[in-house]
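# Secondary and tertiary structure notes
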Amino acid sequence: MSPVVLQSTITCPQCGHVKDETMPTDACQWFYECENCGTVLRPKQGDCCVFCSYGTNKCPPIQADGRSCCAG
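### Here we look at the environment of Tyr54
- Positionally, Tyr54 belongs in helix H1 (residues 50-54).
- A relative accessible area of 16% places Tyr54 in the buried class.
- Put simply, Tyr54 and Thr9 are 45 residues apart on the chain and 8.0 Å apart in space, counted from C-alpha to C-alpha.
- In contact with Tyr54, not counting residues within four places along its chain, are Thr9, Ile10, Thr11, Pro13, Leu41, Arg42 and Lys44.

### Observations concerning the environment of Lys58
- Considering the arrangement of structural elements, one finds Lys58 in the loop between H1 and helix H2 (60-65).
- In the structure, Lys58 is positioned 53 residues away from Val5 in sequence and 8.6 Å away in space, judged by C-alpha atoms.
- For Lys58, the residues in contact, after removing those within four places along its chain, are Met23, Cys52 and Gln63.
- From its side chain, Lys58 meets the backbone oxygen of Cys52 in a polar contact 3.0 Å long.

### Considerations on the pairing of strand S2 (residues 18-22)
- Of the strand pairs in this sheet, strand S1 (residues 7-11) and S2 are connected by 5 bridges, and their pairing is antiparallel. Residue pairing in the sheet places Thr11 in a bridge with Val18 of S2.
- Turn length for the S1-S2 hairpin, with the two strands adjacent in sequence and antiparallel, is 6 residues, and the turn residue Gly16 shows positive phi of about 85 degrees.

Conventions used here
Residues numbered from 1 in each chain as written. Predicted model: local features only at pLDDT ≥ 70, side-chain atom pairs only at ≥ 80, totals over all residues. Heavy atoms only, no water. Helix = DSSP H or I, 4+ residues; strand = E, 2+ residues; numbered from the N terminus. Buried < 20%, exposed > 50% of the residue type's maximum accessible area, 1.4 Å probe, protein only. Contact = heavy atoms within 4.5 Å. Polar contact = N/O pair within 3.5 Å; in protein donor to acceptor, adjacent residues only side chain to side chain. Pairing = 2+ DSSP bridges.

Take a look at the structure:
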């Protein structure tokens, strides 16, 4: 099994701005505000968090065992 990656690069779908972020390991991140254009990103339908929708790496729980970070 591969180690869990805590860094993810989020790309804003509105303006294309990219930023490296550290993902939380103990909570879902349902909102993310683009620092460039101010758009508030929310997870796409079927995704558990903004990292799973807009990041280069899925959230830590999905990476570790495929469970949603919101599953508890």
